[in-house]
Structure formats: structure tokens, C-alpha cells
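Spelled out, the chains give:
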Amino acid sequence: QIGLTPPIFQTIGSMANIIISFVPETGGSFIRVTGRVALDPFDFSEATPGDSEAMGFMLEGEPVETHIMLSKVMTAKLPVTFSVYNVLTPRTPGVSTWDVTTFGPRTTSGDFVRQDERLNHLGYQVLGLITILTSSVVTPAFYAERDAQALMIVRVSQTLLPGDRMEVHRPPAYVFRADSFRARKNIRALAHGIDNTLVDADGLPLRYFIVLDTTLDQDQECQFSINVDLPTGPQQERQWGISTFRQDPDTGLMVETNTNDFGFPGFRLVSTISFTVAPDMKSPGARINAALNFELPAAVEANEEITLDVTAPLGFEFDAQCMDGSSQVFSKCTGSSNSATLVSSTNRIMDLSVDLMLIVTNPAQTPAINRWRLALKLDDENTNSNLSEWPGYAIEAMQVTYKGSNQLAAQAIGFFTFTPVRAAGDRASIEVISPDIPEHRAYRLSCDEIYPVGLPESPVCSLTGPAGPLRLTLTNSSLAAAVSYTFGISVTNPGVTVAVEDNLWGIMLRDKEGTTADANMEITGMQLEDFPIQMQSIAWDQVITDQMTTISIQFRVLQDTPAGSVTQITVLSPEGVMYSDPSTTVQINPADLPLIDNSPITLSGPSKSLTIHLVQGSVIDQGVYTIMFEVQNPSSMPRDNTWTIQAIKAADDLLRFQEVLPGYQYGQQSPKQLIPIARAATGAAGTYGTALAAGCTVAVVLS
């Protein structure tokens, strides 16, 4: 008899351990063994007698490729059994055939004398090779995880046919989940399920079967997954087995055709290392202290040292020396980009709960993939002993809005209103970062006109390059948390449109040391237009607390507007400024502005928005237009003390034109002289302006 002895390796190209038993007809001193599958021979170049040496079998001469010769005194009619290890199996699958020959003692000339011989004796079946690729993975890969997904990526050396049966054999301590097979690539199942015919000591099935419903070509890769419960801790036996079977057409029995000889070493499982990260600030771009706490299920010990790898989401930046303060557990922390590595002070961590303080800079916005990863490694091992992930914290940008001119290439004032989450102390600065777009399309910033508006003082302005950043420094005041502030700077818009995703401004509040106290790096800019309206001026008469003020706003239409392109002209006042009744106080010059007949001027919101309604499909003729109206001043000016003028196509919600102007302060002299518009004596136009004889107009605002 010729078979295999453990460990069993039965596939093509494997190193087999062969056991041979026979009864010699006559005595002898030597045994020669050769084998093959079809015409493909076994290779005995590295063969050894195995444990047969203990029974007196000795290697006779050096092993050669074609055979092995052993010496052993044999007695006629007495059984002989021996094993040969490390025999290289042929690359051809099929039933093996063997030749066993015995020889008597050597002659005086050294020749062997043949005694008994058995030729072409049928041996064991050499099977095709199933390879489970090392890219196979189980997810999640934590001990004691239930219902984890084991993804098998497999290649088979022999073609599989519909109706062939594949069996997956699990290692101990794993448990198959019923009906959990999922075809992933190049495989379909006619049937699948748990095989209850072979169970472990606990009565749990060891095999999961799949009946194929597809052809899998030779060496073609297929992928499938089966769900399993994972072991609660490390196991000695981790190997997985896969075999395939085909029905013999003569006997009807299922015959094994391929196997992996349990050659897949199993999945690398890790213990958990649960952890949390608590930042002292969540502001974008802020350099922060992040309190890291991690907990171990058990103490860990290495031969030399333990390393802890911290991986933050992309966009975070660890300091090069990334640990703040000292630690009894770790001696140093080295940071680079979004990764930090800590090295233990000793070769063991006995504390099951460890607290650390890391120094890291927040990204500009919450990362798209916002997960932190912690991995504990022992010595120089490439694999982790403990591993976990944690859902990261959201970056909390302070509330900021931007408003200004929406006209291409316009030079105007852009206003920012921000509400800090954290206070910024004395000598704080406000840094304005324009959208990150190519230089030839960039916004241009300037310190020429700075409007403090709601800031506690007039700041000192400095500029780094035409596109910024622009910095406003408060020399004798601070910024409080949860208080809104508005300021304006000189901005020249690009001469071409900017994509919405690129048109993002940034504001950073820095303390006197330059450390970021708060920020928002995703402030939506104005969608730029090219429309023939140009702002001229704003003028007013006396400005007294709680008293009435007359205001005129003048704009120029550079050329006749396209028909129907504007249906509303809106004036937005600062918070708390109250309009008077528009039917009696609003005047427009010239009077040929194409107003609708019914309620051409309305107020909306808490008396904050004055809207002039134009006839649908009308044209605004080229010329200079003045709107004059009355308002009641509040008891104190708001922090966002700005006026906004807009031209809108309401049906399509299109903002054709916008400009924002700084408001007046109590007692402030108007930059332009205000002259009332003459009223018409009769007619509907009398309320809203006058058309004078000979086509003349009254200049209502003097330059």
C-alpha cells in the first residue's frame, strides 16, 4: 500500500510525506522507490527517510531526482513499513503509480541483485491546487466579533464545472453563519449552506458547502464571502481548508478534485484598543491639544518596546514633537503629516487605561473620511496586536457670512460678519484669505479702504501680496465669544466667473502669539455677474438717535437693460432701521422707471427691505437714477451697519446686481450733499418723482 502520512500534502507541486507498506516474498537488504502521475515523475532530490530511520531504514547514497534507495535488512514474509518525506509531487493531477523494488546484499563488485519488484502499483490521488490568496480578509478583524465577513479570494488549478461542490473547512473557534454565502466575483451558487455531517467537539459544523452554478476556468480568480463568528482570543490552529468534489459518472460518488491542503494560514485577528479623542478646540486650522484616552482588554508585553501608531483623518497635521507634557507609559512621540508614533518607556504596558495629550492642527474642514485609527505593535512586527477605529469629531467653523459686489471686475467693499465661538484676547488679529484660484483670475485685496463697522476699534491693516492674506490687527481691544462683528475691506473682483466650489473665502482669528483661536475656511463668495448697473453714492441729511433721516441712493444704468432682466430693485437696511410709509415718502427720479401700477413699492420683513417692483418684460433705460426715502434711526447702531442695493429677476431668483455700502454713524456728515427731489403736482407719478419741462432732470445728489 502507498499513501500519505501527516502532515498531509496531496496537491500538485507540494512536498508530500509518503508511507509505503508491503510484504517481501524473499529477504533483502535494499529498497528502491519511484513514482509518477501519467508520465510526470515524482522528484526525490530532497527526499529523506523521515521517521523511518528509527526503525533502521537508512539512506543508501545521495537522493536523486528519479528515485530513493534505502537500506534495511528484510525477512521474507514479514511486513515492511517505512516513510519518505519531502517528495516533490508532479504538476499533473491524477492517480499516482509506483514502482517498489527490493535488492539483496551487494555483490563483491558492488552491484545490486534484484529480489522482488512491484511495478505500476496504484497509489493515492494527486489533486489540483486551490490557492487562497493572501489578499483574502475578514472584516471586522477583531477577536470575539460576531457576524464578521470572511472574504475568500481563490484560484483553482483545474477547471470547475456546474454541479461541482466546494467545501470550506473552518479552523477551531470560528462559527459559520447560516445562509451567509455571497458571490462576489466569477462564481454563482446553485445551492449553499452549512454541512452538518462533520461537527467539532461542541457539535458545531466544521464545513460550509457551495454547489457551483457556473464554470470556473483553470487559474481564474473567484471571490466569495461567508459570515462567521470570530474566536474570542488567539488560537493555535488557524488554517482554513477548501476542497472541490465532482460526481464520478461510473460510481455516482463525489470524488475530490482540488484542495488547498489547509495551506491558508488564516486571518490575522487583533484585540481591540478602544479609544476616544477629545480636542480642546474644534476650530478649522487651529493648533490644539487633543486628549487621547485608550483602553486595553489586557496588559501587553514585548521583548523590547511597544509602539502606538495614531492615524488621524487626512488634513490633520501632528507636530514633529507631538506629545504635550510627560507620560509614564510613552517616552516620545514623533509626528509627520496626519500620523504620530509613540514609543513605550518600557517593554510592557500594564495600565489598562492610558491618557495622553497630543499636539495636532485641525484641518480647514471636516474630512470626507472622518475616522481615527489606533494600532499597537510589539517590537518590529509588521502586524498589529491591538487595533481600533474611532469616528472623528466634526470641525466646527465659526459662523461667517460675506456680502459685497457681485459684478465682474468691480472694485468695491466686501463685508464679513462673523461670530467667534472662542474669545480672542488683546492684540488679536483677523486674517482674510481670498479664494484659492489661479493668479490671473484671483481676487485683489487692499488696505486702501477699511471699514471697522462693528469692530471695537479701527484695526491696523497689513497685506501679503495682492491676493492676500490681509490681516487686521486690534491694538487695544479684544473679540468676545458669541458676539457678531462686521468689517469691510477693499476688494476687486476677478474679470471672469469663479466656480462655486472654488469661490470660498477664509477668515482666521489669531491671538497675539499667532495661534488660531477660531476660523472658517468655507465662506461662500458672491456669484459674479456682468450687468450694466453701477453704484454711484449714498447720501443723507441729519443723523440723530431715534429721529428721522432722509436718505438718497444713486445708481447708473450704463446701457439699456435687456427686456425683463430685472423685475425688482431692493434696498436692505441695517437691523433696527425702520422705513417710513413708502406710499408717501419714497421718491424716484427720473419718473420713467417702469413701475407696476398696483403697490409698486413695498416693505417686507421687519421693516428692513424696501422693494421697487418693475413691469414684467420692461427695460430700464440708460441713465442715472435716484431713490430717496425716509427712515427712523434706532437707539443704537447695529454691529452690521451696512446698506445693500440689489437688482433682481424675481421669477428666476437671479441676483443681477448687488453692492453693499457702509452705513452712517450718529452725527456723521454725509459724503455727498442731499437735495430733495421736486414733487409733481398731479398724476400717479407725483408720489414717486417728477418729469420736468423740456425733458430736464433735477440733480438730486451733488458730487
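Everything discussed here concerns the structure shown above.
In this text the structure is predicted, and so the values were computed from the model without any measurement.

1. Some thoughts on empty space enclosed by the protein
Then step 1. In the structure shown here, the tally under the stated rule is 2 cavities of 30 Å³ or more.
Then step 2. Forming the walls of the largest cavity are Tyr402, Gly404, Ser405, Ala410, Ala412, Ile413, Gly414, Val491 and Asn493.
Then step 3. For the lining of the largest cavity, the class distribution of residues is 5 nonpolar, 4 polar and no charged.
Then step 4. In this model, the second largest cavity occupies a volume close to 30 Å³.
Then step 5. Every residue lining the second largest cavity is listed: Ile533, Phe555, Ile569, Ile645, Gln646, Ala647 and Phe657.
Then step 6. Among the elements that take part in the lining of the second largest cavity, strand E49 (residues 642–649) stands out by supplying 3 residues, more than any other.
Then step 7. A per-class count over the lining of the second largest cavity returns 6 nonpolar, 1 polar and no charged.

2. Digging into the state of the cysteines
Then step 1. Scanning the model with the defined rule gives 2 disulfides in all.
Then step 2. Two residues share a disulfide in this structure: Cys322 and Cys333, whose sulfurs sit 1.8 Å from each other. With the S-S bond torsion at -95°, the cross-link from Cys322 to Cys333 turns out left-handed. Here Cys322, found in strand E25 (residues 317–323), pairs with Cys333, found in strand E26 (residues 330–336); they are 11 residues apart in sequence, far enough to count as distant.
Then step 3. Residue class for Cys333 comes out buried when judged on its relative accessible area of 7%.
Then step 4. Disulfide partner of Cys447: Cys461, at an S-S distance of 1.9 Å. Between Cys447 and Cys461, the S-S torsion sits near -70°, and that sign places the bridge as left-handed.

Conventions we followed
- Residues numbered from 1 in each chain as written.
- Predicted model: local features only at pLDDT ≥ 70, side-chain atom pairs only at ≥ 80, totals over all residues.
- Heavy atoms only, no water.
- 1 Å grid on protein atoms, 1.4 Å probe; cavity = no way out; pocket = protein on both sides within 12 Å on 5 of 7 lines; lining within 4 Å.
- Points joined across faces, edges and corners; volume = space filled by probe spheres on them.
- Nonpolar A, V, L, I, M, F, W, Y, C, P; charged D, E, K, R; others polar.
- Helix = DSSP H or I, 4+ residues; strand = E, 2+ residues; numbered from the N terminus.
- Disulfide = S-S within 2.5 Å.
- Buried < 20%, exposed > 50% of the residue type's maximum accessible area, 1.4 Å probe, protein only.

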